[in-house]
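Breakdown of the fold
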Amino acid sequence: MSTLNLPPETSLERASIAFELRDVGIRFPNAERSVIDNFSLRIRRGEFLSIVGPSGCGKSTLLKMLAGLLKPSAGTVERSMFAGDSGNRIGFVFQHPTLLPWRTAEANLQLPLELGRPRAVAPLSADECADLLRQVGLSPADAGKRPAELSGGMQMRLSLARALATKPDVLLLDEPFAAVDDLLRLKLQEDVRRLHDERKLTSVLVTHNLHEAVFLSDRVIVLNGTPAKLVESISVETNADRNSAFRDSPEFFDSLRLVSKALFNVPVRETAAS
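Read on for an overview of the structure. These numbers were taken from a predicted model, which means no experiment stands behind them.

Definitions and limits used
Residues numbered from 1 in each chain as written. Predicted model: local features only at pLDDT ≥ 70, side-chain atom pairs only at ≥ 80, totals over all residues. Heavy atoms only, no water. Helix = DSSP H or I, 4+ residues; strand = E, 2+ residues; numbered from the N terminus. Contact = heavy atoms within 4.5 Å. Areas by Shrake-Rupley, 256 points an atom, 1.4 Å probe, with all protein chains shown as cover. Pairing = 2+ DSSP bridges. Axes fitted to C-alpha atoms, helices over the stretch in contact; angles between N-to-C directions. Core = buried A, V, L, I, M, F, W, Y, C linked by side-chain atoms within 4.5 Å. Buried < 20%, exposed > 50% of the residue type's maximum accessible area, 1.4 Å probe, protein only. Left-handed = near helix turned anticlockwise from the far one by under 90°. Nonpolar A, V, L, I, M, F, W, Y, C, P; charged D, E, K, R; others polar.

1. Side note on the overall build of the protein chain
- When helices and strands are counted, the protein chain shows nine helices and nine strands.
- Residue pairs at least 24 apart in sequence account for 71% of intrachain contacts in the protein chain once pairs closer than 6 positions are excluded.
- When the accessible surface of the protein chain is summed, it comes to about 12900 Å², and 52% of that surface belongs to carbon and sulfur atoms.

Written out as structure tokens, the structure reads:
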């Protein structure tokens, strides 16, 4: 079992933290062992963090804890940036679009506002819906279409737009591009990173695609084992724009090599997860 002790932080560092997991554990009913045990991690405001690791190591479980969809069996999950008013400040994009098939694209965009916490908020105007569709690469003409009239890639774009409809501070993505073709996946990656930067989001992505993790992220953490252990935390250092040129840069391949090495070759070690 690996205990990931977090170093103390200054008051300035504390203000920059979006999420802090301290000694967190998750054990599902009737399970022989915990999925996550004694796990600690800090995520900074404005950071784009990717979580990679083999299937079953607890990546999606961590994401759901950050979203508040799962409560830890042990330890604490602190959402420092939500003090006083959590509202609808987390957008979640699932592996599948999860759109309501009987609703138009515009009506699907309205859903998170209708279900707003602590109370429903004003719906988006037609202009706001059109602008949101444009931001994810859809046309305002798509607003009246139902999901069956949209391609798989367009449905995923709509799912992303829906997650942004409440103007969240945090965007959580659970392998959202796994089912789309490679060319579209590359374009969606660029769109997501652009939206992250423009909206000053804190974003966390779960993915099995190492190229995707490095391209999108400021930091990549590598998990392994059951219960999940942190193998490595790798910063992606670059001043380049996140575009096709970055994919060919030495910085990209240096970071990719480090992530690959951590995932496949380096034994699990105890480390600070700040």
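After that view of the structure, there is still more to cover.
2. Observations concerning the sheet that holds strand 6 (residues 170–174)
- Taken together, six strands build an open sheet; the order of strands is 5-6-7-3-8-9 and the sheet is mixed. Each edge of the sheet is formed by a strand with only one pairing partner; in this case those strands are strand 5 (90–93) and strand 9 (229–235). Here the strands of the sheet are splayed against their neighbours by 15° on average, with no regard to which way each runs.
- Sheet topology note: the strand 3 (residues 48–52)/strand 8 (residues 219–224) ladder contains four bridges and is parallel. Its bridge partner being in strand 8, Ile51 is matched across the sheet by Ile221.
- The strands touched by helix 2 (residues 59–67) are strand 3, strand 5, strand 6, strand 7 (202–206) and strand 8; relative to strand 6, the strand with the most contacts, the crossing angle is about 155°.

3. Structural notes on the nonpolar core
- Grouped together as the largest cluster of nonpolar side chains are 48 residues, with contacts concentrated most on Leu109, Leu158, Leu160, Leu171, Val222 and Val259.
- The leading source of residues in this core is helix 5 (residues 152–164), at six residues.
- For Leu158, the contacting residues outside a window of four places in its chain are Leu99, Ala105, Asn108, Leu109, Leu133, Leu138 and Leu150.
- In terms of nonpolar packing, the next biggest core, distinct from the first, is built from 28 residues, Leu49, Leu63, Leu66 and Leu230 among them.

4. A short note on unusual backbone geometry
- The phi torsion at Asn38 lies on the positive side, around 55°, for a residue other than glycine.
- Taking the relative accessible area as the measure of exposure, Asn38 reaches 17% and is therefore buried.
- Even without being glycine, Lys167 reaches a positive phi, approximately 55°.
- Within the element layout of this structure, Lys167 appears in the loop between helix 5 and strand 6.

5. Thoughts on the packing of helix 3 (residues 105–114) against helix 5
- Packing of helix 3 against helix 5 brings their axes to within 8 Å, and their N-to-C directions diverge by 35°. The handedness of the crossing between helix 3 and helix 5 is right-handed. Of the residues in helix 5, those touching helix 3 at Ala105, Asn108, Leu109 and Pro112 are Leu158, Ala161 and Arg162.
- Of the residues assigned to the contact of helix 3 with helix 5, the class counts are five nonpolar, one polar and one charged.

6. Some details on the sheet that holds strand 1 (residues 17–26)
- With antiparallel pairing, three strands are arranged side by side in an open sheet as 2-1-4. Of all the strands in the sheet, the pair left with one neighbour each is strand 2 (36–44) and strand 4 (74–78). If you compare each strand with its neighbour and ignore which way they point, the axes differ by 10° on average.
- When strand 1 meets strand 4, the two strands line up antiparallel, connected through four bridges. Among the inter-strand pairings, Gly25 is bridged to a residue of strand 4, identified as Ala74.
- In the packing of helix 2 onto the sheet, contacts are made with strand 1, strand 2 and strand 4, and the angle to strand 1 comes to roughly 125°.

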